[in-house]
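Examining the three-dimensional arrangement
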Amino acid sequence: MGTSLPVIDVLAWIGVLTFAAMGALAATQKGLDLLGVMVLAAVTAVGGGSIRDIVVGNLPPAVFRDEPKLWAVIVVALLVFRFSRTLDRLGTPMWLLDTLALGVFAALGAETGMEAGLGFFGTVFAGTVSAIGGGMVRDLFLGTVPAVLTNNRDLYASAAAAGAAVVFAIPALLPDLLPFALLCGAATTIALRAASRYLGLRLPRAGAT
Amino acid sequence: MGTSLPVIDVLAWIGVLTFAAMGALAATQKGLDLLGVMVLAAVTAVGGGSIRDIVVGNLPPAVFRDEPKLWAVIVVALLVFRFSRTLDRLGTPMWLLDTLALGVFAALGAETGMEAGLGFFGTVFAGTVSAIGGGMVRDLFLGTVPAVLTNNRDLYASAAAAGAAVVFAIPALLPDLLPFALLCGAATTIALRAASRYLGLRLPRAGAT
Amino acid sequence: MGTSLPVIDVLAWIGVLTFAAMGALAATQKGLDLLGVMVLAAVTAVGGGSIRDIVVGNLPPAVFRDEPKLWAVIVVALLVFRFSRTLDRLGTPMWLLDTLALGVFAALGAETGMEAGLGFFGTVFAGTVSAIGGGMVRDLFLGTVPAVLTNNRDLYASAAAAGAAVVFAIPALLPDLLPFALLCGAATTIALRAASRYLGLRLPRAGAT
């Protein structure tokens, strides 16, 4: 990560812990054992960034060298395993944290893609897979179609893709503005999620045409 | 791709567009939204080659630098989303295009494997995963056992593997014949598919022994 | 693999053939055709080590250059396809071979992770995914939640993770003892599996709290 804004690091930490909690909660609700809960917490929290790093050739993935984040994921998994019922009731706070994490990961993933020299599509892919890849692998492990592909309640993957596209577009138009582009990208994702939740913004579905 | 035959480039384009259309059609029939249709079109069209490139260490995968093909995949996904019922009726033309794409991707994937210094098995894997990997990931995303592993109507993955094996065998026997080997490999795959469809050629199944 | 103990090579061969047989057996029981049986034998036998090699950046994965092992996997798949009923009756011998394979792969995978400079978590991941990754991909291909995430009969993934942790810990405390660490790691995994089978040792599950 070439960015120099400390706020981004703080947001990335919040995002990792949030995704770890959501992965652990899904595993707990499916009745998995303690190891399964830790595995799904880790996969959800760091799976998207790892897929991105494999694709752009940053091997081993950056998170494998970031032991404090991995220890924190395990602690979160243990806490969720013990207190899952409380967490399950925190609907709106979890939605806010999840939306924040989605925006931050999409923006940081797009940055990684641009640093690897990818073009528009590659950058959008890198941002989107960073944001949603962990949740998709979690869903595959739990034996369900990834929710992001079928979800008709809320913009999610498309909000992440739009944020990544903004991160790509701003430096192309206005050089030397990467930190600004990251914040704009994350804000785009968050705004689209909010518009979807509160204003009913949706993508068209096949059955509706 | 070290080959110099323009016909191969044209065939590769036809293959990408065909697989994009088939992925988009499967997503539309499952009622996914517009983003899901675009994702499954892209995964089906370029997923196999991307897995091959990850395995042989060509990172980022070549298609991530081939923006025109990715734009074309998105356009195909939008067209299928709008006109899926028409496409669904084109059984035999789609079978012909799919068989052509399978043969071309198996041959080109085998070439990539040989350029990376792989032996017989590695080359057959590289060719086969190029040809069928995108469809397998699409099936996993749609929550089904990959059709190529269970399909008893038609030779498919085994036809791709045989074509890749031919691409490996010919230059080992007759040097300086790589373009010829590519065409023979693709022709082998296509001939096996045709023999399977019209003559009933099959692999044995466990229940039948 | 930097180790110089020939016994480790022999154990690795036994492990590959055992996992190939178990993958082929699962495919045969699901009624897949001959190609599906060969693919699932190969995926189960070499999938875990390949994922580990992709993650640490050893590309192409080492097994792609180890053609004798791949030929042996195919021969095992053909034998299982023909004699699956006999194999199915060998409960305890297969459990012993599977447990041996699990311990050896966890230890060798941890060694690969340490050679790549990974820390504690990365090494445990590399060992665990080497041991259980092939079986997880096999389960995903067969359309089921990976058994290692839900299994409540027996310690399996957690036994592999504990063995990998031992391989990491011993050289950190006592340098120049890597071959000893590998054997201790494998023994840890095998002992935990045996304790689980014969003494009822279990991980807690979410429903039980």
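Residues numbered from 1 in each chain as written. Chains lettered and ligands numbered in written order. Predicted model: local features only at pLDDT ≥ 70, side-chain atom pairs only at ≥ 80, totals over all residues. Heavy atoms only, no water.

Applying the stated criterion across every chain yields a total of 21 aromatic pairs over all chains. Between the aromatic rings of A:W95 and A:Y198, the centroid separation amounts to 6.0 Å while the plane-to-plane angle is 75°, which identifies the pairing as edge-to-face. With a gap of 103 residues between them, A:W95 in helix α4 (residues 91–115) and A:Y198 in helix α8 (residues 178–199) connect regions that are remote in the sequence. Taking the relative accessible area as the measure of exposure, A:W95 reaches 11% and is therefore buried. By relative accessible area, which is 56% here, A:Y198 ends up exposed. Geometrically, the ring pair formed by B:F121 and C:W71 is edge-to-face, given 4.7 Å between the ring centres and 75° between the ring planes. Of this pair, B:F121 sits in helix α5 (residues 120–141) while C:W71 sits in helix α3 (residues 67–88), placing the two residues on different chains. We classify B:F121 as buried; its relative accessible area is 16%. By way of ring pairs, the aromatic residues A:W71, C:F120, C:F121 and C:F168 are connected into one cluster. Geometry around B:W95 places B:R197 over its ring, the cationic atom sitting 4.6 Å from the centre. (Phe/Tyr/Trp six-rings, centres within 6.5 Å; stacked < 30°, edge-to-face > 60°. Helix = DSSP H or I, 4+ residues; strand = E, 2+ residues; numbered from the N terminus. Buried < 20%, exposed > 50% of the residue type's maximum accessible area, 1.4 Å probe, protein only. Lys NZ or Arg CZ within 6 Å of the ring centre and 35° of its normal.)

Right, let's get into the environment of C:V55. Mapping C:V55 onto the fold places it in helix α2 (residues 34–56). For C:V55, a relative accessible area of 7% gives the class buried. For the pair C:V55 and C:E67, spaced 12 residues apart in sequence, the C-alpha to C-alpha distance is 22 Å. The contact partners of C:V55, leaving out residues within four places of it in the chain, are A:I54, A:L59, A:P60, A:P61, A:F64 and C:F125. (Contact = heavy atoms within 4.5 Å.)

This part is about the interface of chain B and chain A. Taken together, the 24 residues of chain B in the interface contact 27 residues of chain A. Buried area between chain B and chain A, summed over both chains or domains, comes out near 2,200 Å², and the portion from carbon and sulfur atoms is 73%. At the boundary of chain B and chain A, one finds zero salt bridges. In this structure, the connection of chain B to chain A is made through two residue pairs in polar contact (both at pLDDT 80 or more). Elements with a contribution of two residues or more to the side of chain B that touches chain A: α2 (34–56), α3 (67–88) and α5 of chain B. The element that contributes the greatest number of residues to the side of chain B that touches chain A is α2(B), accounting for six residues. Considered class by class, the residues forming the side of chain B that touches chain A number 17 nonpolar, four polar and three charged. (Buried area = accessible area lost by both parts, 1.4 Å probe. Salt bridge = Lys/Arg side-chain N within 4 Å of Asp/Glu carboxyl O. Polar contact = N/O pair within 3.5 Å; in protein donor to acceptor, adjacent residues only side chain to side chain. Nonpolar A, V, L, I, M, F, W, Y, C, P; charged D, E, K, R; others polar.)

Each side of the interface is counted separately: chain A has 24 residues, and chain C has 27 residues. Summed over the shared surface of chain A and chain C, the number is zero salt bridges. On inspection of chain A and its partner chain C, the count reaches two residue pairs in polar contact (both at pLDDT 80 or more). Elements represented by at least two residues in the side of chain A that touches chain C include exactly α2 (34–56), α3 (67–88) and α5 (120–141) of chain A. Broken down by element, the residue count for the side of chain A that touches chain C peaks at six residues, all from α2(A). Split into classes, the residues belonging to the side of chain A that touches chain C amount to 17 nonpolar, four polar and three charged.

Let's shift gears to a nonpolar patch on the surface. Together, A:V10, A:I14 and A:L97 make up a nonpolar patch on the protein surface, roughly 210 Å² of accessible area in all. Checked against the element boundaries, A:I14 lands in helix α1 (residues 6–29). (Patch = residues over 30% accessible without salt bridge, like charges linked within 9 Å, V, L, I, M, F, W, Y side chains within 5 Å. Areas by Shrake-Rupley, 256 points an atom, 1.4 Å probe, with all protein chains shown as cover.)

Another aspect to go through is the packing of α2(C) against helix α4 (residues 91–115) of chain C. Residue and element names in this part refer to chain C. Packing of α2 against α4 leaves a shortest axis separation of 11 Å and a crossing angle of 15°. Between α2 and α4, the interaxial angle falls into the category roughly parallel. In this structure, α2 meets α4 at a crossing whose hand is right-handed. Across the interface between the two elements, A45, R52, D53 and V56 from α2 touch F105, L108, G109 and T112 from α4. (Axes fitted to C-alpha atoms, helices over the stretch in contact; angles between N-to-C directions. Parallel < 35°, antiparallel > 145°, perpendicular 65-115°, else oblique. Left-handed = near helix turned anticlockwise from the far one by under 90°.)

Moving on to empty space enclosed by the protein. Residues and elements named next belong to chain C. All told, the structure shown has one cavity of 30 Å³ or more when counted by the stated rule. The volume enclosed by the largest cavity comes to roughly 40 Å³. Around the largest cavity, the lining residues are I8, L11, V104, A107, L108, L182, L183 and A186. Looking at the lining of the largest cavity residue by residue, the classes come out as eight nonpolar, no polar and no charged. (1 Å grid on protein atoms, 1.4 Å probe; cavity = no way out; pocket = protein on both sides within 12 Å on 5 of 7 lines; lining within 4 Å. Points joined across faces, edges and corners; volume = space filled by probe spheres on them.)

When chain B is fitted to chain A, the best match, at an RMSD of 0.0 Å, comes from turning it 120° and sliding it 0.0 Å along the axis. Overall, the copies show the geometry of a three-fold rotation axis. The fraction of interface residues of chain B whose copies in chain A are also interface residues is only 12%, indicating that the copies meet through different surfaces. (Least-squares fit on C-alpha atoms with pLDDT ≥ 70 in both.)

Here we come to unusual backbone geometry. For residues besides glycine, phi is generally negative; the peptide bonds are generally trans as well. Residues B:L59 and B:P60 are joined by a peptide bond in cis, for which omega reads -10°. If you trace the backbone, B:P60 turns up in the loop between α2 and α3.

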